[in-house]
Every structure is written in C-alpha cells, then in structure tokens.
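# Residue-level structural notes
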Amino acid sequence: MNKPKVAITLSVDANPGVLGHTVALLLESGLKYQKHRLVSNADQSENILTLEATGEVSPELQTHLITIPGVHAVVKIESSVVKNPENILQPESPSVDNIVKFWQTPRAIELIQQFESGLKSKEREQKSTQFGEQIGCLLSEEYTDILFTQTSIDDALRQVVVPALGNFVETEIKNNALYLIRSDFVNAPRGKLKLLLGLDQERCYVISGIVQGLLNQSATLPKICVRRSKCVAAGDSMCVLQVDVAK
Ligand SMILES: [Zn+2]
C-alpha cells in the first residue's frame, strides 16, 4: 500500500549534525525518510531544511523535532495522501514502473502477462512491443556508461541485454541475434490444437521491445529493430531475436 507523503520544513542551524539527528528521529517515529533539501540565505543566518518522508505523522512529532539541538522552529508539517487513486486500488497494477520494481522476480513476468492479457489480439504486437520498449528504456538507466561505449551489436547484447534480462533467460549470441535457450517470456504450446490455433499472445513481443528499448538508448550504436525470426509459440524449437539495423 502507498503511505501518505510527508513534507517537514524546519528552520535550523547550518550544523551538519542537525540533519542526522532529524532523520534518526523520523525513523524512530515510524516515518520512512526519502530525501531532504537545505536552503540557506547568503550569510547562513537562516537555513531552511525540508525533509520528505512517507508514513503516518505521530502527534508528538512536532514537539520532538523542536528538542533536537540546532532546530530553531518547525515551520510546517504537511501530510498528503498519495493522489493517484489507481495506485491505491491496484498497488501492483501492470505498469512499467511496477514491472521494473519487481524486475528479476517472477512477479515481473506475471505483471507482463497481466498486461498482455488485457490486449485485443489485433493490437497485441504493437502495444506489447511498445510496452517492452518502455521497460527497456527504464532498465537501460543502469547501463548508461557501458551503453555509450558500444560499437558492436553482439557486444552490446552480451554486455547490456543479457545482464539486464538476467535470470529470465538463458542465451547464446551470434551474428547479431539472441538465441533464447530458455525464456520466461514465452510458453511452449501444449498439444497440437494450441499450435493450430496460433498463440499470438504468447509471442515474444515484450522481450523484443525490451531489447529494442535497451539498445536504442545507446548513442554509439546505430538505431536497431528487433525481428522475432523464430518463436517457440509458433512451433520453433527456440525463440530467436534477430537485431537488425533500422532502415
Ligand atoms: Zn518467442
């Protein structure tokens, strides 16, 4: 569940110990400290410390804050309930943020499946690929340095894509393609009937979007496009994602 957000504004001494004491007090009172900002006027005679936290504000918080050495005044304590009602009703809705939050746990795959199950089959390829690209974009933030030194697609697959996909896949890389020896992103069809009906929803749209989203954050690689040249869902023995330079 989302906790209320709390903003605490204090007038303080420019003494660095004040922040430590204040954060310790917040933690003791059950609040979860998030960040702070200290703004001073030119001669440092006035210093305003703003702290952001989440949780329930206890009635004693103000009196406790004022006892901290170096705290002159409690200017205000604001508490607000998280505004987005969707987040409250569905703390784990299949959003890009939630999927990245649960990345490398089975929950991320469940959320992806939940997202895809809400799509009509006609829109699935486009929307799932786009969704994957957004996930890839967010994941790429961890690999910014390494992405900006890549000049070969194979190396980028090895050094960025494989680590980012982590335990969701087992892979081999050759000739600008990712061979998925095992992949949590796809289910092998069960029985002939499923094969005949086609399993469009289980094709590797999201994972191919993720690879695209990751690699296209690199300024040193050409713009790329991922082609699903083989897929378990189509009856192939493994999924193969072929990375092509975009035309
Ligand atoms: Zn596949």
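It should be emphasised that the depicted structure is a prediction, and the values quoted were computed from it without experimental measurement.

Relative to strand β3 (residues 47–54), strand β2 (residues 32–40) runs antiparallel, the two sharing eight bridges. Residue pairing across strands places Leu38 opposite Leu49, the latter belonging to β3. A loop of six residues connects β2 with β3, the two strands running antiparallel in sequence, and Gln44 in this loop sits at a positive phi of about 60°.

Close contact between helix α5 (residues 106–117) and helix α6 (residues 121–140) brings their axes to 10 Å; oriented N to C, the two are set at 150°. Seen along the crossing, α5 lies across α6 with a hand that is right-handed. Only Arg124, Lys127, Ser128, Phe131 and Ile135 of α6 make contact with α5, whose side of the interface consists of Ile112, Phe115 and Glu116. Residues belonging to the contact of α5 with α6 are distributed by class as follows: four nonpolar, one polar and three charged.

Moving on: the confidence of the model for the protein chain. In regions of low pLDDT, the predicted coordinates are not meant to be interpreted in detail. Predicted confidence across the protein chain gives a mean pLDDT of 87, with 89% of residues reaching 70 or more. Confidence scores differ between elements of the protein chain, with helix α3 (residues 85–89) showing the lowest mean pLDDT of 48 and helix α10 (residues 205–215) the highest of 97.

One pass over the structure, following the stated rule, counts seven salt bridges. A salt bridge links Arg158 to Asp155; the shortest N-O distance between them is 3.5 Å. Of this pair, Arg158 and Asp155 both sit in helix α8 (residues 153–165), three residues apart, which is roughly one turn of that helix. The class of Arg158 is partly exposed, set by a relative accessible area of 43%. Linking Asp184 and Arg182 is a salt bridge whose minimum nitrogen-to-oxygen distance equals 3.0 Å.

The rules behind these values
Residues numbered from 1 in each chain as written. Predicted model: local features only at pLDDT ≥ 70, side-chain atom pairs only at ≥ 80, totals over all residues. Heavy atoms only, no water. Pairing = 2+ DSSP bridges. Helix = DSSP H or I, 4+ residues; strand = E, 2+ residues; numbered from the N terminus. Axes fitted to C-alpha atoms, helices over the stretch in contact; angles between N-to-C directions. Left-handed = near helix turned anticlockwise from the far one by under 90°. Contact = heavy atoms within 4.5 Å. Nonpolar A, V, L, I, M, F, W, Y, C, P; charged D, E, K, R; others polar. pLDDT = per-residue confidence, 0-100. Salt bridge = Lys/Arg side-chain N within 4 Å of Asp/Glu carboxyl O. Buried < 20%, exposed > 50% of the residue type's maximum accessible area, 1.4 Å probe, protein only.

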